[in-house]
Every structure is written in C-alpha cells, then in structure tokens.
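Survey of secondary and tertiary structure
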Amino acid sequence: MAPHLPSLPELNLVCFPHAGGNADFFAKWPANAVSGVQIHAVEYPGRGRRRDEPAAAEFCPLADEIASHILALPSVPLVLFGHSMGSVVAFEVARRLSDVESAPPHALVVSNITAPHRLHRRDPLPVTDDGVWEHSYSIGGIPKPTLDDASAWNELTVGTYSYRGFTGGHFYLTEQEALVARLVSELGIGHTAEELRTAVPLQRETSSADRTHTIEPVH
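Residues numbered from 1 in each chain as written. Predicted model: local features only at pLDDT ≥ 70, side-chain atom pairs only at ≥ 80, totals over all residues. Heavy atoms only, no water.

1. So, the pairing of strand E2 (residues 37-42)
- Counting buried positions along E2 yields 6 of 6 residues, so the element is predominantly enclosed.
- Of the two faces of E2, the one holding Val37, Ile39 and Ala41 and the one holding Gln38, His40 and Val42 are both buried throughout.
- Of the pairings in the sheet, the one linking strand E1 (residues 11-16) to E2 comprises 5 bridges and is parallel in character. Bridged to Cys15 within E2 is Ala41. (Buried < 20%, exposed > 50% of the residue type's maximum accessible area, 1.4 Å probe, protein only. Helix = DSSP H or I, 4+ residues; strand = E, 2+ residues; numbered from the N terminus. Pairing = 2+ DSSP bridges.)

2. Describing helix H6 (residues 177-186)
- A large share of H6 lies buried, amounting to 7 of its 10 residues.
- All buried positions along H6 are accounted for by Glu177, Val180, Ala181, Leu183, Val184, Ser185 and Glu186.

3. Examining the packing of aromatic side chains
- All told, the structure shown has 6 aromatic pairs when counted by the stated rule.
- Seen from their ring centres, Phe91 and Trp153 are 5.8 Å apart, and the 75° between their planes marks the pair as edge-to-face. With Phe91 in helix H3 (residues 85-98) and Trp153 in the loop between helix H5 (147-151) and H6, this residue pair connects regions lying 62 residues apart in the sequence. One exposure class covers both Phe91 and Trp153, and it is buried.
- Ring plane angle 15° and centroid distance 5.5 Å describe the contact between Phe166 and Tyr172, whose orientation is recorded as stacked.
- On the basis of relative accessibility, which here comes to 9%, the residue Phe166 falls in the buried class.
- Residue Tyr172 is classed as buried on the basis of its relative accessible area, which comes to 4%.
- Linked through ring pairs, Phe25, Phe26, Trp29 and Phe81 together constitute an aromatic cluster. (Phe/Tyr/Trp six-rings, centres within 6.5 Å; stacked < 30°, edge-to-face > 60°.)

The structure is reproduced here in structure tokens:
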C-alpha cells in the first residue's frame, strides 16, 4: 500500500473494482472527491500491478486480507464502495470490520449488482459459442439488476438504506464518474446516508495531479 498523506484525512474511501478491473479504474476519483477524502483503491491479485500473481479463487480469504489492510489505516470515518463483483467483496469486508468495535464502516455503497443472498442463475445459459455471443449482445454484456434486486440490499443491514438510480449500462460509472465520486465521498464528511437520501431524490430506475493509494492484499 502506498504511503499515507502527510495530514490525517477526514475520511478513508476504499474502492473495490469489478471482476476484470483493477485499481486504475478509480484513478480519476481523487480529483472529483470532496476535500479531506483519501481514496484507496483495491488491487486484486491477478489484476493490474499484480497481474503476475494467481487470481483469488474465493471471496472470504480475499476479504480477510483486505480487511487487515484497512484496519491499519488512520482511524477516521470509513466508507466502502464496490462496483459489480467489487460490491460483494466490499460487503464481505464490511462484515469483518463490523465485528471490530473500533472499525465499523460509516457506510457501504454498492453499485450495479444484486444482493449476495439473491445471486443465482435465473435462466440456463447457452452452450454453443454462437449462443453465448448472441446472449451477451442481447443483454448488453451483463444482466442488469432490477429495482427489486437493488432493494434486496436493505435485507442485509440494520442501519439506514437508501437507493439512487443512474441512467446507463453496467459501466455507467465511466459516464457519470465525477457525480458518483462526489456523492460517495460526501457520505462521511458531515453527511449521513439519510441526509444524502434527502438531498438527492430517489429515482425509480435502475442503472443498467492527485492519486489513489493502492491496497494490495497478499495471499
């Protein structure tokens, strides 16, 4: 993990990329985050700077290692943000940190994936090459979570839940990166999740010279 900033941040924002992504997916977030936020981007084994390492085979050991790195960060409010598969990893990390009395996350923000307990294969997948391509094109590459899928995350928390919909496909983040980075970073800087929900009206739709610190969990 890269050295910390000289001054203590007001918030640590740890970002988890999608399955095929790497830490550079969040390279522009520091420029869009509010003042006082330090961005930390997770680098999975087998991705980015760690491309020569074997990819992680299971969520739990990966989450254990990432949580241990986060516990070493300055003790300031913590927000976890995950996109697609990264949301599931972030959720597992949040569960581990919530067991540590001094380190529960201020907020967990998940993006474009069904809640883990709802993940299942709904329809049989095609078995031929042509069938796979046709299926991928028909769904835009990755199935889009429904509003019901998104609201299922509420079943996994005893805290405040809020939902914000964005237009776009699975990688809507590349088109609305500045807005999402700002909204997420505001969560721990004098804003609660409820205040954010009130300030940003819920939309009943589904989304189809700074640098980040890189968290590199080890096996």
